[in-house]
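Examination of the molecular architecture
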Amino acid sequence: MSDEFHDVIIVGAGQGGLSVSYYLSQAGVGHVVLDRGGVAHAWEAHRWDSFCLVTPNWTVDLPGRPYRGDDPDGFMLRDEFVAYIKDWAESFRAPVKCGVDVTHVSAQGGHFVLETSHGRMRARTVVIATATYQHPKVPRVAAQLPDRIRQLHAEQYKNCAQAAAGAVLVVGSGQTGCQIVEDFLRDGRQVYLCVARTGRLPRRYRGRDCLSWQRDMGLLDRTPDMLDHPSQRFAGDPHLTGRDGGGTVSLYDFQRRGVTLLGRLDSVAGPVAALRDDLGESLDFADDFAANFMSKVDDHIAATHVSAPLPTADELAGGPDADAQRIPSPTTLNLDEAGIGTVIWATGFSFDFSWIDGIATDEFGYPVTDRGRSSLPGLHFCGLNWMTKRKSGILYGIDEDARIVSSDIIDQMAAATHGSQF
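First, a word on what this report is: a plain description of the structure on this page. Once a new chain begins, its residue numbering starts again from 1 and follows that chain's sequence as written. With the structure being a predicted model, the display of local features is reserved for residues of pLDDT at least 70 and the display and counting of side-chain atom pairs for 80 or more, all residues being used for whole-chain, interface and lining totals. Processing note: side-chain calculations cover all non-hydrogen atoms of the structure and skip hydrogens and water entirely.

**Digging into the environment of Gln255**
Relative to the helices and strands, Gln255 is located in helix H6 (residues 251-256). Any residue under 20% of the maximum accessible area for its type is buried, any over 50% is exposed, and the rest in between are partly exposed; the area is computed with a 1.4 Å probe on protein chains only. Judged by relative accessible area, Gln255 falls into the partly exposed class, the value being 35%. Contact definition: two residues touch when any of their heavy atoms are within 4.5 Å. Apart from the residues within four sequence positions on either side, Gln255 is in contact with Leu261 and Ile327. Per the convention used, a helix needs a DSSP run of H or I reaching at least four residues, while a strand needs a run of E reaching at least two, with both numbered from the N terminus.

Following this line, the structure appears as structure tokens:
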């Protein structure tokens, strides 16, 4: 039997792959979208029950389906957003093949060969839309924990009922870790949080959402060459939530509500965890991050003369109390004495593009691209963090990048067709 052949194969049926599919469908270009799960599978399967978007609904700017609802400044819940994506994909009959896992891509004889769980496929053009973060990261220290402690990565976490009885230790204080902490606080659990170096943003400042200011100040349109170091492409997102209409996430507020804040987790011997004495540095970093952002907004308002009210007390909240003592940063924690029955690893995700032969990568193993084009002619990416701009890896930027990638593909196919006539 001959291999299944397509002009274009898109790997990934999330917002990146579907956005390219939309434009190819509009242009009448034959293609197929392959995904190991299905449409919006990562959103549906790998987010917890209380998850909601962190960026406002107006940032949901998908091709042919920008948000037009009556709550642009609200935040869609997980199931609402999954339904939104699926309805959009159905509206243009996205040619998605579900349950197909692509394990290897190589260029052979002027086309691409894809090894999949459903056999070999070939294509003239391939778009990789598997996003930047693909595999859950669990630190080596996890193997040192006592067997009695239940462990979950954030990707596996759905709700508090998964946790064993007793207190919970959340390792990682990015957006995900902080939102999981909120879940357990509402469940009445004692929570311990290992804090890392992550910024804090005010949800709203001077009358507007922080994403609105970022858009208007051009921060979402920054290009990779504007970064101080390429590693900043992978920095954790600052504390933020859209839950219950959105609010500022503050480590100090967590502490005031009973969360025990800790430094980074280094090792575990028996029931005793060794911690870094760096909690104060991490808290200072979050404070400085917030202050720097608000200062930039103030400068923007002054320079552009845009009308904006003065900040309210709620907008300025999130820091320590005026008379607060420095929060202690213990260097050990006895897990048994703390009653910790569960550890949630909110330690992020890694990427791996080694399954694609022959593409140029940088020192981090990250694909080197030019407006989505890889070093292999005919192989493109869409949905990567900082692919063209800061907004590339978020919902608000996917339409712009998909237009670039799909237009490139359409032009290349037109040129190839024209050339074959002579």
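**Overview of the packing of aromatic side chains**
Pairing of aromatic rings covers Phe, Tyr and the six-membered ring of Trp, with a centre-to-centre limit of 6.5 Å; geometry is then stacked below 30 degrees between planes, edge-to-face above 60, and tilted otherwise. By the definition in use, this model includes 16 aromatic pairs. Plain terms: the ring middles of Tyr22 and Tyr23 are 5.2 Å apart, the flat faces sit at 85 degrees to each other, and that makes the pair edge-to-face. Take Tyr22 and Tyr23: they sit in the same class, and that class is buried. Between the aromatic rings of Phe234 and Tyr366, the centroid separation amounts to 4.9 Å while the plane-to-plane angle is 80 degrees, which identifies the pairing as edge-to-face. Of the two residues, Phe234 is situated in the loop between helix H5 (210-216) and H6 and Tyr366 in the loop between strand E20 (349-350) and strand E21 (379-381); the sequence distance between them amounts to 132 residues. Of the residues examined, Tyr366 reaches a relative accessible area of 2% and is grouped as buried. Two conditions define a charge sitting above a ring: the NZ of Lys or the CZ of Arg must be within 6 Å of the ring centre, and it must be within 35 degrees of the ring normal. Sitting over the ring of Trp43, Arg47 keeps its end group 4.1 Å from the ring centre. When the ring centre of Trp58 is taken as reference, the NZ or CZ atom of Arg215 above it lies at 4.5 Å.

**Considering helix H4 (residues 175-186)**
Helices are assigned an expected span. That span is 1.5 Å times one less than the residue count. Helix length check: H4, at 12 residues, gives a terminal C-alpha distance of 17 Å against a target of 16 Å (1.5 Å per residue), a fit within 8%. In terms of burial, H4 is largely enclosed, as 10 of its 12 residues are buried. Every buried residue belonging to H4 is among Gln175, Gly177, Cys178, Gln179, Ile180, Val181, Glu182, Asp183, Phe184 and Leu185, and all of these are buried. Just downstream of H4, Gly188 is the residue with a positive phi angle, here 80 degrees.

**Brief notes about the packing of helix H1 (residues 15-26) against helix H3 (residues 78-91)**
Angular values range over 0 to 180 degrees, each being the angle between N-to-C directions of two axes fitted as lines to C-alpha atoms, with helices fitted over their stretch in contact. The N-to-C vectors of H1 and H3 enclose an angle of 25 degrees; their axes lie 10 Å apart at closest approach. Considering their axes alone, H1 and H3 lie roughly parallel with respect to each other. The chirality of how H1 crosses H3 is left-handed. Counting all contacts with H1, which are made through Gln15, Leu18, Ser19 and Tyr22, the residues of H3 involved are Ile85, Trp88 and Ala89. Classification used: nonpolar for Ala, Val, Leu, Ile, Met, Phe, Trp, Tyr, Cys and Pro, charged for Asp, Glu, Lys and Arg, polar for all others including Gly. Taken together, the residues that form the contact of H1 with H3 break down as 5 nonpolar, 2 polar and no charged. For this classification, under 35 degrees means roughly parallel, over 145 means roughly antiparallel, 65 to 115 means roughly perpendicular, and everything else is oblique. Two helices cross in a left-handed way if the nearer one is turned anticlockwise from the farther one by less than a right angle. They cross in a right-handed way if the turn is clockwise.

**Observations concerning the side chain of Ser173**
Position of Ser173 among the secondary structure elements: in the loop between strand E11 (167-171) and H4. Judged by relative accessible area, Ser173 falls into the buried class, the value being 1%. Only 2.9 Å separates the side chain of Ser173 from the backbone nitrogen of Ala196, close enough to count as a polar contact. Once residues within four sequence positions are removed from consideration, Ser173 is found in contact with Cys178, Leu193, Cys194, Val195, Ala196, Thr198, His239 and Leu251. Contacts described as polar in this section are N or O atom pairs within 3.5 Å, which, within protein, must combine one atom able to donate a hydrogen with one able to accept it, while residues neighboring in sequence count only if both atoms come from side chains.

**Quick word on the sheet that holds strand E12 (residues 191-194)**
Two strands qualify as a pair provided that DSSP identifies no fewer than 2 bridges between them. Pairing in this open sheet of 5 strands is parallel, and the strands run E10-E19-E11-E12-E15 from one edge to the other. Since the sheet does not close on itself, it has two edges, and those belong to strand E10 (150-153) and strand E15 (260-262), each with one partner. Across the sheet, the mean angle separating the axes of adjacent strands is 20 degrees when strand polarity is ignored. Sheet topology note: the E10/strand E19 (residues 340-345) ladder contains 4 bridges and is parallel. Opposite Leu152, over in E19, you have Ile344 as the bridge partner.

**Let's talk about the sheet that holds strand E17 (residues 272-275)**
Here we have 3 strands laid out as an open sheet, ordered E16-E17-E18, and antiparallel in their pairing. Two strands close off the open sheet at either side, each with one partner strand: strand E16 (265-269) and strand E18 (332-334). Between one strand and the next, the sheet's axes are offset by a mean angle of 20 degrees, whatever the strand orientation. Sheet topology note: the E16/E17 ladder contains 4 bridges and is antiparallel. Bridge pairing in E17 places Ser267 opposite Ala274.

**Focus: the pattern of salt bridges**
By definition, a salt bridge exists where a carboxyl oxygen of Asp or Glu is found within 4 Å of a side-chain nitrogen of Lys or Arg. On inspection of all chains with the given rule, the structure shows 33 salt bridges. One salt bridge connects Glu400 with Lys389, and the closest N-O pair in it is separated by 2.8 Å. With Glu400 in helix H10 (residues 395-419) and Lys389 in the loop between E21 and H10, this residue pair connects regions lying 11 residues apart in the sequence. Put simply, Glu400 and Lys391 hold a salt bridge, and the shortest N to O gap is 3.0 Å. We classify Glu400 as partly exposed; its relative accessible area is 28%. Connected via shared salt-bridge partners are Glu182, Arg186, Asp244 and Arg257.

**Some points on unusual backbone geometry**
The residue Ala131 is not glycine, and still its phi comes out positive at about 70 degrees. With respect to the helices and strands, the residue Ala131 is situated in the loop between strand E8 (119-128) and strand E9 (135-136). Within the chain, Arg371 stands out as a residue other than glycine whose phi angle is a positive 55 degrees. By secondary structure assignment, the location of Arg371 is in the loop between E20 and E21. Classification of Arg371 by relative accessible area gives partly exposed; the value is 45%.

**Some details on the pairing of E11**
Two faces, one strand: in a regular strand the side chains alternate between the faces of the sheet. Burial analysis of E11 places 5 of its 5 residues in the buried class, which makes it a mostly covered element. Of the two faces of E11, the one lined by Ala167, Leu169 and Val171 and the one lined by Val168 and Val170 are each fully buried. Note: E11 against E19, 5 bridges, orientation parallel. Each bridged residue has a counterpart across the sheet, and for Val170 the counterpart in E19 is Ile344. Of the pairings in the sheet, the one linking E11 to E12 comprises 4 bridges and is parallel in character. Residue pairing for E12: Val168 is matched across the bridge by Val191. Throughout, right-handed denotes a crossover for which the path from the first strand over the helix to the second runs clockwise when the strands point away from the viewer. For the segment spanning E11, H4 and E12, crossover handedness is right-handed.

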